Structures are given as C-alpha cells and as structure tokens.
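# Topology and contacts: notes
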Amino acid sequence: MEPIAYFILILYFAALVFIGALCSRKQDSLSEFFLAGRTMPAWAAMAAVVATETSAVTFLGAPAMTFAEGGDFSFLQAAFGYIVARIILALYFLPKFFEREIVTIYEFIGLRFGKRAQKTTGLFFFVTRSLAAGVRHFAAALVISVILKIDLTSAIIVTGIVSLIYSYMGGISAVIWTEVLQLVVMIAGGIVAFFYLLHLVPGGWSQIIAAGVANHKFTFIHWDWNPSGNYSLFIGVLWGTCLSLSSHGADQDIVQRLLACRNLRSAQTAIVGSGIFVFFQFLFFLFIGVMLFAFYGTLPPDLENANQLLPYFSVKNMRPEASALVIAAILSAALSSTASALNSLSSTSVNDFILAWRSKQLDSAQLVRISRIFTLIWTVILIVIAILASGSQNILETGLSIPSYTSGSLLAAFLLGIFTPLRQQNAIISGMFGGLIVVLFLSYCGYPFTWFIPAGTAAAILTAYGVEWVMNQRHTSEVK
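Being a predicted model, the structure only gives us computed values, none of them experimental.

Below, the discussion takes up the overall build of the protein. Each helix and strand counted, the protein has 17 helices and zero strands in total. Considering the protein as a whole, with its 480 residues, one finds that 60% of them fall into the buried category. In the protein, of all internal contacts separated by at least 6 residues, the share reaching a separation of at least 24 is 84%. For the protein, the computed accessible surface area is about 18500 Å², with 66% contributed by carbon and sulfur atoms.

Next comes the structure, spelled out in structure tokens:
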C-alpha cells in the first residue's frame, strides 16, 4: 500500500485508542465497566449489536460464499430467521432480564435455578464465545497479513493488541462507542468497494446481473427439504431463528449491549432494529460477492481461498485512500467482535465466578482491576484460538458452526427458565450436557451444522424434563 493508506489506517487506530482513553475516566464500578452505567441510547446499542455480530467473518465470508462455485443468496433464508428470533427476544426474554438489575444474563439463571446452574451456563458461554471470537480474530488477521505482508501469526498478535488496548481502558462504554464508529466505517468501506466494482467490471451493471443469473447466484429460496442441505428453506429459517435466539438471548456478548440501554423499550427497539439492518447488510455483501465473481471469474492464483478476495481486490485495484477505507472497514468488523468478546468474557468471569467464589467482599476498584486482568487473560486465549483456526477455508461457515455446538444447550436453559415451571437445577445442568452430547453425535455422523442448535435445544429440554420427572418420582417414593 501507499504511504497515504498507512497514514489513514494509523489515524483510524488512533481514534479507537482515543475513544478508549476518553471512556476510561469513568470506570469506577462493575456497572460502569460492564454496562456503561445503563445509559446507552437505543440507536447506539443497535449499532453496537450490528457491529458485534457482523465481524470480519461476514465482511470477508459473505462475498466468498456467493463467489464460490454453486454459491448463491440462500443464506438469506437464515437471515430471515434472525428477524423472527429478535421479535421473540423483545417480547419475552428482555422483560425478564430487565426485571432485576443483573450484570450478566447468567445471573438470571442463578436466580431462577441456583448457583451451580449459573456457573454451568457461564462455562458453556466461555466455550461458545471464545472459540467463535477466535475464528473472527483470525479473519481480521487475514486482512492484516495481506496488506502488511507479514506472517499470519504476527498479524493475529497485532490485531489482538489493538483490540485489547481500548477494551482494557474503557470497558463496555469504549467498546460500544468504537463500534458505532466501526459500523459507519464498515458501511462506508462496503459502499466504496461496491462502486469500484461497478466501474471496473466490463459491461458494468448489465454484465454483473448477467453473470449472476447465468450462474444461479441470485437464487434465494431452496425448496429442498433434504436434511443434508445447509440452507434449504425449512432448516435455514429454523437454524437462523435458533441461532439468533441463542446468540442474542443466551450469549452475554450481545445481550450485554442491550442491558446497557436506558430502559426496556430502548433495548427492544435496538434488538428488533438490528435484525432488519443485518438482513439487508447480508444482502449487500452477498451481492458484492457476485460482483467479484463477475470481475474475476475464478480465484486469482496467488490467493489461498476466497476469504482473502475483497482485501486483495481493494489493494490491487483501488486508489490508496479508497483501499485504506475498505481495509479499515474490514478491520472495524473484526476489531469490534474481538473487543466485545473480551469484555463479555471478562464480565462473566468476574460476575459469575469470582464474586460467587469469594467470601470476602471486594470493593469496586478491586473488581475493576480484576476485570482488566481477565480482559488481558482472554486476549491471550483468543490469540491462541485464532492461530489454531488458521486452516479454515470458509470462515463464514466456520464462525457460525463452532458456537452451534453449545448454543442449543445454552438456549434451552433460558427457554426453560422463562417459559416453564421447572425448578431443579440438576435437571437443567443434565439437560445442557444432554444437548451437547446429541450435537457431538450429529457432528460425528456428518450432519450439517445447521441442525446443531435446533437438535441441541430440543435434546436439552427433553433431557431436563426427563431428569426432573425422575427426581420427582424419587422424592415421592421417599415421602411414602
């Protein structure tokens, strides 16, 4: 890249650090560090939710999906399920979370069932979020590696350090406000890439449409009900609904932004609005994949996989300042996901484990210091996971499939807590492990990951009810 491009990127990173430093001045309690004092407006929370779930996995993986042989728009079937799920979350989940001033949603499980159930859901969250965030972190490093021409491991470490700096200093307040900036940069970068491709593809718009039609890229609905298909209409919508229910209702990473809102109505507006926004965002980036297909036809020989295609195109074909904006947009997507994961993992570590284990009361300053230590620890863990994930060929599907192993069990715990009268925490814990075992069995048998969350959720609920029934029968026998 040209010097001007490096200057723009350095300026962008400096802005992120400045926001972190600005927000660090008021971080004297867990509520401030993890929930921004519950003062966030709905529009900022919505932007943060979108930025968090977008990640570089979407920015790089969605175009790669439609660019690939046989790729099309069928992923939108899952994105439609995202909207359905958010309506359910707004009506039923969020009111329960706002009834009490909880810092993490696993406190709700603790209040509903008991401390052991709370810790179990926290542990499942650690697995879900750390693995998924590690893949997203790897996606960011792909970009750094391409533009700086450094090895992938060094790029992973650099990206981790940048995310750590502003999340360490300013807590969730810094994360949310940087995510607002990052979403603006993301959208701007996507628009710049769109117009460059529109100008550079020979024949322009008509050729892009013709190439897409000829190769069936614009197919949206698949009526194939075969369970081996990832994105048939039935399983696509079902999986999208279950995924969004679990990620936005049972995952502290996303819900933390909603808990930071001023009131329930603001949180409901943010969650529903984010679903609509994300649907059209996926539509936009899937279409960019069609444009890249019309431009290249096949993967350039000096690329390993299609995930590198968008940054490669921007570096090779754009003016330096435009290329820098697209690269900054991809990095925005990646950094927002990594920083938010660090904060949510830290909040769960402190609130659901340290406070539960410590008999001695800790003051606010000590808790904030411990929270920052956990932010550092989780940064190292995510860097290691990102290095291990470097062999992934399709980061969009990898990033979505990994949390699917445990998300069904997490979702089942909240569904049982919100909609059923079950009380036994042993039943809930047994149900969660039962759901995980079923998902591992499906994975071993070769079923697509889109079945994992629905199957895991159903298995966890049935197991919990079965264990509860057995315990009640045993109690009845003992009484007699």
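This paragraph deals with a nonpolar patch on the surface. A contiguous nonpolar surface patch, about 410 Å² in accessible area, is contributed by I87, L91, Y92 and F419. Tallying contributions element by element places helix α4 (residues 76-99) first for the nonpolar patch, with three residues. With respect to the element layout, L91 can be found in helix α4. When its relative accessible area of 52% is taken as the criterion, L91 is described as exposed.

What follows covers the nonpolar core. Within the largest apolar cluster, 79 residues are counted, with the highest numbers of intra-cluster contacts made by F75, Y82, W239, F282 and L292. Sequence-distant contacts of F282, that is, excluding residues within four places in its chain, are made with T58, A62, F75, L76, A79 and Y82. In terms of nonpolar packing, the next biggest core, distinct from the first, is built from 58 residues, F33, L35, A45 and A90 among them.

The geometry of an aromatic ring pair is captured by two quantities: the separation of the ring centres and the angle between the planes. In total, this model carries 32 aromatic pairs according to the counting rule given. In this structure an aromatic cluster arises from ring pairing among Y92, F93, F97, Y106, F108, F125, F126, F353, W378, F414 and F419. The lysine or arginine in question, K217, covers the ring of F293, its NZ or CZ lying 4.5 Å from the ring centre.

One pass over the structure, following the stated rule, counts two salt bridges. A salt bridge links R129 to D251, with the nearest nitrogen and oxygen atoms 2.6 Å apart. Residue R129 is found in helix α6 (residues 115-148), and its partner D251 is found in the loop between α9 (233-249) and α10 (252-259); the two are separated by 122 residues along the sequence. A single burial state applies to R129 and to D251, both of which are buried. A salt bridge links R129 to D253; the nearest nitrogen and oxygen atoms lie 3.5 Å apart. Note that R129 is positioned in helix α6 and D253 in helix α10, a separation of 124 residues in sequence. Counted as one network, the salt bridges with shared partners bring together R129, D251 and D253.

Along the chain, Q268 turns up in helix α11 (residues 264-296). A distance of 2.7 Å separates a polar atom in the side chain of Q268 from the backbone oxygen of A90. Excluding its chain neighbours within four sequence positions, the residues that come into contact with Q268 are A90, L94 and P95.

Bringing the packing of helix α8 (residues 204-214) against α11 into the picture now. Put simply, α8 and α11 touch, their axes get as near as 9 Å, and they point 100° apart. Overall, the two elements α8 and α11 adopt an arrangement that is roughly perpendicular. Here W205, I208, I209, A211 and G212 of α8 lie close against α11, whose contacting residues are F287, V290, M291, F293 and A294. Grouping the constituent residues of the contact of α8 with α11 by class yields nine nonpolar, one polar and no charged.

Within the sequence span of α8, burial applies to G204, I208, A211 and G212. In a view along the axis of α8, the buried residues occupy a sector of 100°, so they form one face of it. Structural note: α8 exposes S206, V213 and A214 on the side pointing more than 90 degrees away from its buried face. Of the residues one or two after α8, H216 is the one with positive phi, at around 60°.

Considering the arrangement of structural elements, one finds T66 in helix α3 (residues 42-67). If near-sequence neighbours (up to four positions away) are discounted, T66 is found in contact with G71, D72, F73, K217, L286, G289 and V290.

Turning our attention to the environment of L331. Mapped onto the elements, L331 comes out in helix α13 (residues 320-357). For the pair L331 and A139, spaced 192 residues apart in the sequence, the C-alpha separation amounts to 9.0 Å.

Time to look at the packing of α4 against α11. As a packed pair, α4 and α11 sit with axes 9 Å apart at the nearest point and diverge in direction by 170°. Classified by the angle their axes make, α4 and α11 are roughly antiparallel. For the contact of α4 with α11, a count of residues per class yields 19 nonpolar, three polar and one charged.

This part is about the confidence of the model for the protein. Averaged over all residues, the pLDDT of the protein equals 83, while 89% of them reach at least 70. Here helix α2 (residues 30-35) stands out as the least confident element of the protein, with mean pLDDT 72; helix α16 (residues 425-444) is the most confident, with 94.

Conventions adopted
- Residues numbered from 1 in each chain as written.
- Predicted model: local features only at pLDDT ≥ 70, side-chain atom pairs only at ≥ 80, totals over all residues.
- Heavy atoms only, no water.
- Helix = DSSP H or I, 4+ residues; strand = E, 2+ residues; numbered from the N terminus.
- Buried < 20%, exposed > 50% of the residue type's maximum accessible area, 1.4 Å probe, protein only.
- Contact = heavy atoms within 4.5 Å.
- Areas by Shrake-Rupley, 256 points an atom, 1.4 Å probe, with all protein chains shown as cover.
- Patch = residues over 30% accessible without salt bridge, like charges linked within 9 Å, V, L, I, M, F, W, Y side chains within 5 Å.
- Salt bridge = Lys/Arg side-chain N within 4 Å of Asp/Glu carboxyl O.
- Core = buried A, V, L, I, M, F, W, Y, C linked by side-chain atoms within 4.5 Å.
- Phe/Tyr/Trp six-rings, centres within 6.5 Å; stacked < 30°, edge-to-face > 60°.
- Lys NZ or Arg CZ within 6 Å of the ring centre and 35° of its normal.
- Polar contact = N/O pair within 3.5 Å; in protein donor to acceptor, adjacent residues only side chain to side chain.
- Axes fitted to C-alpha atoms, helices over the stretch in contact; angles between N-to-C directions.
- Parallel < 35°, antiparallel > 145°, perpendicular 65-115°, else oblique.
- Nonpolar A, V, L, I, M, F, W, Y, C, P; charged D, E, K, R; others polar.
- Arc of directions from axis to C-beta.
- pLDDT = per-residue confidence, 0-100.

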